[in-house]
Amino acid sequence: MASNASNNAEDPSTMSEKNNENKASESTVQPDSAEYETVLVSQDDRVATVTLNRPRALNALNAALVRDLVDAVESLDTDPSVGVIVITGSEKAFAAGADIKEMKDRTFPEIRERRMFGELDRLREVDTPIITAVSGYALGGGCELAMTGDIVLASETTSFGQPEITLGIIPGLGGTQRLTRAIGKAKAMDLVLTGRPMRADEAERCGLVSRVFPADSFTEDVYEVAKTVAGFSATALRAATNAVDRAFETTLSEGLRAERESFYSLFATADQKEGMSAFAEKRPAKWQHNQ
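- As annotated in an unreviewed UniProt entry, the protein carries the name Probable enoyl-CoA hydratase echA8 and is attributed to Corynebacterium kroppenstedtii.
- Here the protein is described in UniProt, under the heading Sequence similarities (unreviewed entry), as follows: "Belongs to the enoyl-CoA hydratase/isomerase family."
- According to its UniProt record, the protein has this under Function (unreviewed entry): "Could possibly oxidize fatty acids using specific components."

1. Considerations on helix α5 (residues 175-183)
In step 1: Every buried residue of α5 is listed here: Gly175, Leu179 and Ile183. Viewed along the axis of α5, the buried residues span an arc of 15°, placing them on a single side of the element.
In step 2: Looking at the buried side of α5, the elements it contacts are α4 (141-146) and α6 (185-194).

2. Here we look at the sheet that holds strand β9 (residues 159-161)
In step 1: Strand order across the open sheet formed by four strands is β5-β7-β9-β10, with mixed pairing between neighbours. The sheet is open, and its two borders are formed by β5 (93-95) and β10 (198-199), each paired with just one other strand.

3. Thoughts on the side chain of Glu274
In step 1: The residue Glu274 is located in helix α11 (residues 270-280) in this model.
In step 2: Its relative accessible area of 15% is what places Glu274 among the buried residues.
In step 3: Within the structure, the side chain of Glu274 is placed 2.8 Å from the backbone nitrogen of Lys286, a separation counted as a polar contact.
In step 4: Excluding residues that lie within four positions of it along the chain, Glu274 makes contacts with Arg283, Pro284, Ala285 and Lys286.

Rules of the game
- Residues numbered from 1 in each chain as written.
- Predicted model: local features only at pLDDT ≥ 70, side-chain atom pairs only at ≥ 80, totals over all residues.
- Heavy atoms only, no water.
- UniProt positions renumbered as here; feature names shortened; annotations may be inferred.
- Buried < 20%, exposed > 50% of the residue type's maximum accessible area, 1.4 Å probe, protein only.
- Helix = DSSP H or I, 4+ residues; strand = E, 2+ residues; numbered from the N terminus.
- Arc of directions from axis to C-beta.
- Contact = heavy atoms within 4.5 Å.
- Pairing = 2+ DSSP bridges.
- Polar contact = N/O pair within 3.5 Å; in protein donor to acceptor, adjacent residues only side chain to side chain.

What follows is the structure, encoded as C-alpha cells:
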C-alpha cells in the first residue's frame with residue numbers, strides 16, 4: 001500500500017486536449033479529462049487509456065487520484081466504443097506507492113471509518129478488460145494497482161515491490177492476497193517480509209507480469225497488445241475475463257461448470273454466429289460487440 005519511494009507534492013494541472021485533425025481515430029473521450037485533476041483520459045479507436053498524472057509525487061496514490069482513477073475507469077466501462085482500458089503512469093513511475101504524508105497522522109478509527117483506498121475494490125466489477133502498463137517504480141500501492149490488471153505489461157525498467165514492512169505496516173490494497181495468488185506463498189513472503197524490490201525480469205519469471213518489453217518501444221508495444229484485445233468481440237472478452245477470474249474465487253469443479261455455461265451462452269449471441277461464419281468464409285469478422 002504505502003511506499004517510501006515518494007513524498008506528497010502538488011498535483012499538476014489538468015491535461016490539454018489533443019488535436020484530432022491528423023488522426024481521425026484518436027480522441028479525448030467521456031469522461032472529459034477536464035473533470036479530473038490527477039488522471040488523463042484518451043482514446044484511440046477502441047483502446048482507452050487512463051494515465052496517472054501526479055508526476056512530482058511519482059504518481060503516489062492519494063484520495064484524489066484513487067477517486068479520479070476509479071470514476072474514469074467506471075465511466076469508460078459503460079462506453080460501447082471502448083474495447084479495452086489501459087491504466088498507465090509515466091516512464092519513471094507507474095505509481096511509487098501510497099501517499100505517506102496523507103496517511104501518516106491518521107488514526108485507526110479514522111482510517112477504518114473512511115475505508116481508505118476501498119474504492120479500488122470497484123475495479124474488480126469492471127467488465128471491460130483492463131491492461132496495466134507498468135514502467136519505473138511500482139511499489140506498495142503501485143504494485144497492488146498493477147495487479148488489478150487482467151493483463152500486466154512491464155517495461156524492462158520496472159521495479160515492483162511491497163515495502164510496507166519498512167514503515168511498520170503491511171500491504172492493504174491486496175498485496176498479501178493477489179501477490180500470493182500470482183507468484184506463490186514463498187516468493188510473496190520474501191517480498192512482503194523483506195520489502196525488497198523485484199526487477200521486471202524476475203517478475204515475469206515468477207508470473208507477476210504477462211510480458212516485459214524494451215523501454216524504448218514500451219508505449220508502442222503496449223498499444224499493439226491493447227489493439228489486439230480490443231479487436232475481438234466485447235461479449236466474448238467479458239465472458240473470458242469473468243471465467244478466468246472465477247478460477248481465483250471458487251473450486252475447480254465449480255469453475256469448470258461456470259465456464260461451460262458461459263461457453264454455451266455465447267451461442268445465443270450475434271458475435272458467435274459472425275465469428276464462426278467469418279472463419280468458415282475466410283474473411284475478417286465484423287463484431288457487433290454488445291448484441
